[in-house]
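# What the coordinates show
Okay, here's what each chain looks like letter by letter:
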Amino acid sequence: ARVDISMVLGEVQEQVVTEARAPLVETEKPAIGSVIDQKRIVELPLNGRNFMELATLTTGINEGNSSSQKSLGRGFGPAAAGQPATENSYNLDGGNNQEGFTNVFSVVPSVDAVQEFNIQVGQYSAEYGGGGGAVIDVVTRAGSNNFHGTPYEFIRNDVLDARNFFLAETAPYKRNQFGASAGGPIIRDKTFFF
């Protein structure tokens, strides 16, 4: 059996318009770089909770450990533009953050204390002279008029680790990292702590 039904078109009641634009090409600065914001710093997994490992999300940066950084316990130093980590320029809240003897970053703030960091590779402005690799500007968080705090414990152990193919059992491993961060007002609307 066949039934032919004729349908009449109605009026359009709703219209959805989607627009997308390509990002503009930077025509005023020849530097390559990016800003790693606080959301990515806190939410992306970090082995050892060193925010500097996220530098490899930027074009022109790769992992480059120098022996001087390993000996100082800093663990990771990004290599940029074919230069070792010792050729980078490190700034913390606008001030120089380079260790004078080994020329690597000196103060390593907690992941929770970093608001964002900016990485510039290549032909950056002359105001950042002093390094042939990258310029890494770290901005720390500031308090606000409300009290906020977060305690944490990051656990990594051998319970969920896979067994090495050549070993009879999983190698023992336990790492617990405890910490906390807090911020708030000292003088309302004027002075804060974090």
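Residues numbered from 1 in each chain as written. Predicted model: local features only at pLDDT ≥ 70, side-chain atom pairs only at ≥ 80, totals over all residues. Heavy atoms only, no water.

## Regarding the pattern of salt bridges
Applying the stated criterion across every chain, the model contains four salt bridges. Among the ionic pairs, Lys 39 bridges to Glu 43, the shortest N-O distance being 3.1 Å. Of the two residues, Lys 39 and Glu 43 are both situated in helix H1 (residues 38–43); the distance of four residues between them amounts to about one turn of the helix. A relative accessible area of 52% places Lys 39 in the exposed class. Glu 43 gets classed as exposed once you look at its relative accessible area, which sits at 56%. (Salt bridge = Lys/Arg side-chain N within 4 Å of Asp/Glu carboxyl O. Helix = DSSP H or I, 4+ residues; strand = E, 2+ residues; numbered from the N terminus. Buried < 20%, exposed > 50% of the residue type's maximum accessible area, 1.4 Å probe, protein only.)

## Overview of empty space enclosed by the protein
All chains considered together, the criterion is met by one cavity of 30 Å³ or more. In this structure, the largest cavity occupies an estimated 40 Å³ of space. Along its surface, the largest cavity is lined by Phe 51, Met 52, Tyr 90, Asn 91, Leu 92, Asn 97, Phe 105, Val 107, Pro 109, Ile 136 and Val 138. Listing elements by their share of the lining of the largest cavity, those giving two or more residues are strand E4 (89–92) and strand E7 (134–140). Examining the composition of the lining of the largest cavity, we find that three residues originate from one element, E4, more than from any other. When grouped by side-chain class, the residues that make up the lining of the largest cavity number nine nonpolar, two polar and no charged. (1 Å grid on protein atoms, 1.4 Å probe; cavity = no way out; pocket = protein on both sides within 12 Å on 5 of 7 lines; lining within 4 Å. Points joined across faces, edges and corners; volume = space filled by probe spheres on them. Nonpolar A, V, L, I, M, F, W, Y, C, P; charged D, E, K, R; others polar.)

On their own, these measurements won't tell you what the molecule is for.
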